[in-house]
Amino acid sequence: MTRRLLQPVNILVIIGLVFGIVFCIFTQFGTGFDEEHHLARVYDISGLHMLPNRSQYDKTIYFNEFHLLSYWRRFYRNEGFEQFKPEYFLVRGNYDAMEIRATMSIYPPVMFFPQAVVAGIAWRVFDLPIIPVTMVIRFVGLLVYLLACALTLKVLPLGRWAFLALALGPTALFQASTLNADGFSLGAGFLFTALVLAAALNPDQTLTRRARVFLCLS
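The structure displayed is predicted, hence computed values, not measured ones.

(A) Local environment of empty space enclosed by the protein. Inspection of the entire model under this criterion finds two cavities of 30 Å³ or more. Each pocket or cavity is described by its volume, and for the largest cavity that value is around 90 Å³. If you trace the largest cavity, you find 13 residues lining it, with Gln115, Gly141, Asn180, Gly183 and Phe184 closest to the centre. Sorting the residues of the lining of the largest cavity by element identifies α6 (113-125), α7 (130-155), α9 (170-177) and α10 (182-201) as the ones contributing at least two each. Sorting elements by how many residues they give to the lining of the largest cavity places α7 first, with three residues. Taken together, the residues that form the lining of the largest cavity break down as six nonpolar, six polar and one charged. In this model, the second largest cavity occupies a volume close to 30 Å³. At the level of elements, α2 (8-26) and α7 are the ones that each hand at least two residues to the lining of the second largest cavity. When residues in the lining of the second largest cavity are grouped by element, the largest group, four residues, is from α7.

Listed below in structure tokens is the structure:
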């Protein structure tokens, strides 16, 4: 039992979830790199708008609360735990005061599909508060990253422990646990590299159909 628990994949999942969830919950709202812009992009995709800044004058429509609740935009910043106070934590998006502005987040929509599904259900259907839903969106991005890293460990022909240390690095986990495209990019890059190494070290082994499709998409 202990030997099975100490396998690289299991360690990845356990440590990744423990520290990743801490990042998802306790990282101040809006303090992830360009998180406000990515939130705007996710919200836009949740409305089935695949092209960024596609509206009149090349702008995107999203909740103004993405800016108003951001920790970095407050004139007076108190302790970080303040975001859990009801006056911040339970604020909902105001549809009568939407922001209309260009967003710098112009990544392909595939990077944010899982997060956009959560945003569409939570905000467009149930009108839930901004901050709790953002924490769930962050967690979904973390799961995407950990899934890609777990698949990388399955495919990687060598250096699994070295990759595990890289995948669980504080910066990598922070990026994967806040809203941005880096978690997807890192996970896809890791898996692509593992597939290439596996193909190079085992040239006689035919790649599976799924692996060939992923290599083509990458």
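(B) Structural view of α9. With six of eight residues buried, α9 is to be regarded as a mostly interior element. Regarding α9, the residues found buried are Ala172, Leu173, Phe174, Gln175, Ala176 and Ser177. Elements in contact with the buried residues of α9: α2, α7, α8 (160-167) and α10.

(C) The arrangement of the pattern of salt bridges in detail. Applying the stated rule across the entire model yields three salt bridges. One salt bridge connects Arg138 with Glu35, and the closest N-O pair in it is separated by 2.9 Å. Residue Arg138 is located in helix α7, and its partner Glu35 is located in helix α3 (residues 35-46); the two are separated by 103 residues in the primary sequence. Residue Glu99 is joined to Arg101 by a salt bridge in which the shortest nitrogen-to-oxygen separation is 2.7 Å. When its relative accessible area of 11% is taken as the criterion, Glu99 is described as buried.

(D) Fine view of the packing of α7 against α8. Packing of α7 against α8 brings their axes to within 10 Å, and their N-to-C directions diverge by 170°. Overall, the two elements α7 and α8 adopt an arrangement that is roughly antiparallel. For the pair formed by α7 and α8, the contact residues are Tyr145, Cys149, Thr152, Leu153 and Lys154 on the first element and Arg160, Phe163, Leu164 and Ala167 on the second. In terms of residue class, the contact of α7 with α8 is built from six nonpolar, one polar and two charged.

What counts and what doesn't
- Residues numbered from 1 in each chain as written.
- Predicted model: local features only at pLDDT ≥ 70, side-chain atom pairs only at ≥ 80, totals over all residues.
- Heavy atoms only, no water.
- 1 Å grid on protein atoms, 1.4 Å probe; cavity = no way out; pocket = protein on both sides within 12 Å on 5 of 7 lines; lining within 4 Å.
- Points joined across faces, edges and corners; volume = space filled by probe spheres on them.
- Helix = DSSP H or I, 4+ residues; strand = E, 2+ residues; numbered from the N terminus.
- Nonpolar A, V, L, I, M, F, W, Y, C, P; charged D, E, K, R; others polar.
- Buried < 20%, exposed > 50% of the residue type's maximum accessible area, 1.4 Å probe, protein only.
- Contact = heavy atoms within 4.5 Å.
- Salt bridge = Lys/Arg side-chain N within 4 Å of Asp/Glu carboxyl O.
- Axes fitted to C-alpha atoms, helices over the stretch in contact; angles between N-to-C directions.
- Parallel < 35°, antiparallel > 145°, perpendicular 65-115°, else oblique.

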